[in-house]
Amino acid sequence: MGVILGGKMNIFWKTTFSLSCAFAALFLGCEDTTQSQKTEAFPRNETLYIGGFDWATPKNFNPLHGDPNFPVDGNVRLLYESLFAYDPLEAKLEPMLASSYQETDSSIIVELDSRAKWNDGSPVTVEDVYYSFYLDSILPTPRHGSWDYLSAITKNNNSIEFHYNKKNPSPLMILNILAGTSILPKHVFAPLIEKSTQGSSIDYAAISEFSNAEKPVASGPYRLHTFSPEKIVLERDSTYWGNVKYNGKQPAPRFIIHSLYAGNNAFNNAMSQGNLDISSVFLPNIQNKLRDSIRAWSLNPPYHRPGAIVTLILNHEREPFNNPEFRHALAHMVDFEKIRERAISGYSPTIRPGLILPFEQEQKYFDENDATRYGNHYNPTLAKEILTKAGFSWNSEGSLIQKDGSPLRTIYLECPKGWTDWEDAILVVVGAMREIGIPAEKSFVDYSIWEANLRQGNFDLAMKTQTADLSVATPWFRLQQLLYSKALPDSGKPTYFNQGRYKNEKANILLDSIPTIKDSALLVKTYKELNRLVMQDIPVIPLFYKPTQYYQFSTKNWSNFPTEENPYAPPENLITAAGVKALWNLRQVQKEN
């Protein structure tokens, strides 16, 4: 029996950092290579063109990198697979690399599917699973925080046991980890770690430089074929072990090509022309696109299945956002209905106060009385009254003046350029702030700059969908990612969660308690209390609901996509989590000669 000891390292954000004696690296070195460029035609009737899942120039497919390219980033399961996949339609975990799991009072025991293989023909073993989680315990990956909830991982024959941290037990988080962690081949990554280790220190920068671009060893149904600044090409793995689950049938598309365009408009033009089959990019007025053979999950408003909340992240380490009165006033300035209609074509029910969705599986945790009593609704007159009581005033030109008599500095609202729905939302908020006398400016930047600014805390206000994917841990995980501050890195160090650096000890206590509550009435009460705190303290400003992913598809070249009328798979664009199973059910459209 093997064991990984719990307890993550406190100085992991340094490029080079110390290892505890429990983690000794005994592996061989290896060299990275670069991919050769290939030019070839891809048969249209064998190729599924998708877009909107990556906006950066492809160069790194290393799952240990902080921001790898498609299909390694996020919860995409075409190349690397996880133990389980979450199906939001059924609200349950489905086996992927695992065959089953069992919960105990102190752990979750996972049985590995003995049929699983890497694309180099070698078996996926418990050693690979064990090592994948070990890497997250010693490296500053986005999943490093998982070790706040684990005390140890042990292995026994074909099973792996994930032991709860007794000081911070969270079955929800462990199940979320099992569905969100890519399982990696130890025989590939152990030599890389060894090569980057000197004594008790690991050079994380050297690990990140490994591009993994030359025939990555993975377990998923597709292989990395080639890439360029214009596209990322995947090719079906004819030997994929998981085909046995589909009676030996292979995924319908031989190739999946992720096209790369500069912005929403370019993606949408390609969609209308039949050059994209699936897009996760905001496409306005989807109800009018049937004439172009384009539709979404539903034929009825709001057309998409809402499952996430787009928020305005406030930087609590900068004035005036560390002032709760200013935050309350700001929340009353925002015309949420104008954003819903102008920015997202009405693809959302009206936003309600708080961070819990008032429908479907989360509805029982939403309190209408709290929303009425504590919620912040559009009311610019009230916003001015709040600012006045807080000591703010206005000069003769109508500009807001702070308590000390100085004018308020210019405030910048940031999002990735080309994301037209988000740009329109920011323009609404900027206009509302200016009407109150606040000097506000839009800041539309490259995707990589936006993401880096959020991690480093280098922003005033920034739009983000935190935890866009629904999971077995919803809504707890969304709240935890936006509010939890116990494991928050020091100022100046990057963070993948709570990027507004909000701190509230009561929120921490409630978040710690929820995963351990077994009584359903107490769980409802606790969620309502936490959402009430959100309404009262305004850690972030929810702007609108959105689907976990925009899901639009064209039936010009492929048919039998999952829909509300034919929900055999969730609306996850055929590439994410349980949505991948739809690839085996697509059908080629037969063209007339």
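Residues numbered from 1 in each chain as written. Predicted model: local features only at pLDDT ≥ 70, side-chain atom pairs only at ≥ 80, totals over all residues. Heavy atoms only, no water.

1. Concerning the confidence of the model for the protein
Of the residues in the protein, 93% reach a pLDDT of 70 or more, and the chain-wide mean stands at 90. A low-confidence stretch, residues 5-38 stays under pLDDT 50, and its non-local contacts, those more than four residues away or across chains, total 97 contacts. (pLDDT = per-residue confidence, 0-100. Contact = heavy atoms within 4.5 Å.)

2. Describing the environment of Pro 489
Along the polypeptide, Pro 489 turns up in the loop between α12 (476-483) and α13 (505-513). Assessed through its relative accessible area of 10%, Pro 489 is described here as buried. Separated by 12 residues in sequence, Pro 489 and Arg 501 place their C-alpha atoms 9.0 Å apart. (Helix = DSSP H or I, 4+ residues; strand = E, 2+ residues; numbered from the N terminus. Buried < 20%, exposed > 50% of the residue type's maximum accessible area, 1.4 Å probe, protein only.)

3. So, the sheet that holds strand β22 (residues 461-465)
As summarised here, the arrangement of the 5 strands in space is β21-β20-β22-β17-β23, forming an open sheet in which the pairing is mixed. This sheet does not close on itself; its edge strands, each paired only once, are β21 (440-445) and β23 (540-547). For this sheet the average axis-to-axis angle between neighbouring strands, irrespective of direction, equals 25 degrees. (Pairing = 2+ DSSP bridges. Axes fitted to C-alpha atoms, helices over the stretch in contact; angles between N-to-C directions.)

4. Description of the environment of Thr 526
Tracing the backbone shows Thr 526 in helix α14 (residues 520-537). On the accessibility criterion, Thr 526 (7% relative accessible area) is buried. Linking Thr 526 and Asn 288, residues 238 residues apart in sequence, is a C-alpha distance of 43 Å. Once you skip the residues sitting within four places of it in the chain, Thr 526 turns out to touch Leu 510, Ser 513, Ile 514 and Ile 517.

5. As for the packing of aromatic side chains
Across all of its chains, the model carries 29 aromatic pairs by this definition. Ring geometry for Tyr 131 versus Tyr 134: centroids 5.2 Å apart, planes at 40 degrees, classification tilted. Placement of both Tyr 131 and Tyr 134 in helix α1 (residues 126-138) is noted, with a separation of 3 residues, approximately one turn of the helix. Tyr 134 matches Tyr 131 in its accessibility class, with the two residues each being buried. Three or more aromatic residues link up through ring pairs in this structure, and these residues are Trp 55, Tyr 261, Phe 267, Trp 419, Trp 422, Tyr 447 and Trp 450. Here the basic side chain of Lys 155 rests over the ring of Tyr 130, its NZ or CZ set 4.1 Å away from the ring centre. One cation-aromatic arrangement involves Lys 546 over Tyr 550; the distance from NZ or CZ to the ring centre is 5.2 Å. (Phe/Tyr/Trp six-rings, centres within 6.5 Å; stacked < 30°, edge-to-face > 60°. Lys NZ or Arg CZ within 6 Å of the ring centre and 35° of its normal.)

6. Considerations on the sheet that holds strand β3 (residues 47-51)
Hydrogen bonding along the main chain pairs the strands of a sheet, whether they run parallel or antiparallel. Strand order in the open sheet formed by 7 strands is β12-β13-β14-β3-β15-β24-β16, with mixed pairing between adjacent strands. Looking at the sheet topology across the chains shown, the edges are occupied by β12 (222-228) and β16 (294-296). Sheet analysis places strand β15 (residues 278-279) next to strand β24 (residues 552-554), joined by 2 bridges and oriented antiparallel. Residue pairing for β24: Ile 278 is matched across the bridge by Phe 553. The sheet strands contacting helix α5 (residues 264-272) are β3, β14 (255-259), β15, β16 and β24, and the helix crosses β24 at an angle near 35 degrees.

7. Overview of unusual backbone geometry
Between Phe 70 and Pro 71 the backbone carries a cis peptide bond, its omega angle lying at 5 degrees. Along the chain, Pro 71 falls in the loop between β3 and β4 (84-87). Between Pro 301 and the following residue, Pro 302, the backbone shows a cis peptide bond with an omega angle of 5 degrees. Within the fold, Pro 302 resides in the loop between β16 and β17 (306-314). A positive phi is found at Asn 560, a non-glycine position, where the angle reads about 65 degrees. Relative to the elements of secondary structure, Asn 560 occurs in the loop between β25 (558-559) and β26 (587-588).

8. A look at the side chain of Ser 554
Within the fold, Ser 554 resides in strand β24. In this structure the side chain of Ser 554 is engaged in a polar contact, spanning 3.3 Å, whose partner is the backbone nitrogen of Lys 556. Contacts of Ser 554, omitting those with residues within four sequence positions, involve Met 271, Leu 276, Asp 277, Ser 293, Ile 294 and Phe 561. (Polar contact = N/O pair within 3.5 Å; in protein donor to acceptor, adjacent residues only side chain to side chain.)

9. With respect to helix α7 (residues 336-343)
Those residues of α7 that fall on the buried side of the exposure criterion are Phe 336, Ile 339, Arg 340 and Ala 343. Within α7, the buried residues cover an arc of 110 degrees as seen down the axis, which keeps them to one side. Check the buried side of α7 and you find it contacts α6 (324-333), α10 (420-435) and β23. Ser 345, located one to two residues past α7, shows a positive phi value of around 55 degrees. (Arc of directions from axis to C-beta.)

10. Section: the pairing of strand β8 (residues 150-156)
In terms of burial, β8 is largely enclosed, as 5 of its 7 residues are buried. Between β8 and strand β9 (residues 159-164), which pair antiparallel in sequence order, lie 2 residues; one of them, Asn 157, sits at a positive phi of approximately 55 degrees.

11. What to know about the pairing of β17
Here β17 lies mainly inside the structure; 9 of its 9 residues are buried. With 7 bridges joining them, β17 and β23 adopt antiparallel strand pairing. Of the residues in β23, the one forming a bridge with Leu 312 is Ile 541. As paired elements, β17 and β22 share 5 bridges and run antiparallel to each other. Note that in β22 the partner of Leu 312 across the bridge is Met 463.

12. Some remarks on the pattern of salt bridges
In total, this model carries 25 salt bridges according to the counting rule given. For Glu 127, the salt bridge goes to Lys 155, with nearest N and O atoms at 2.3 Å. Here Glu 127 is found in helix α1, whereas its partner Lys 155 is found in strand β8, with 28 residues between them in sequence. Here Asp 460 and Arg 318 are joined by a salt bridge, their closest N and O atoms 2.9 Å apart. Pair noted here: Asp 460 is in the loop between α11 (447-456) and β22 and Arg 318 is in the loop between β17 and α6, with a separation of 142 residues, a long-range link. Using a relative accessible area of 4% as the deciding quantity, one classes Asp 460 as buried. Counted as one network, the salt bridges with shared partners bring together Asp 87, Glu 94 and Lys 581. (Salt bridge = Lys/Arg side-chain N within 4 Å of Asp/Glu carboxyl O.)

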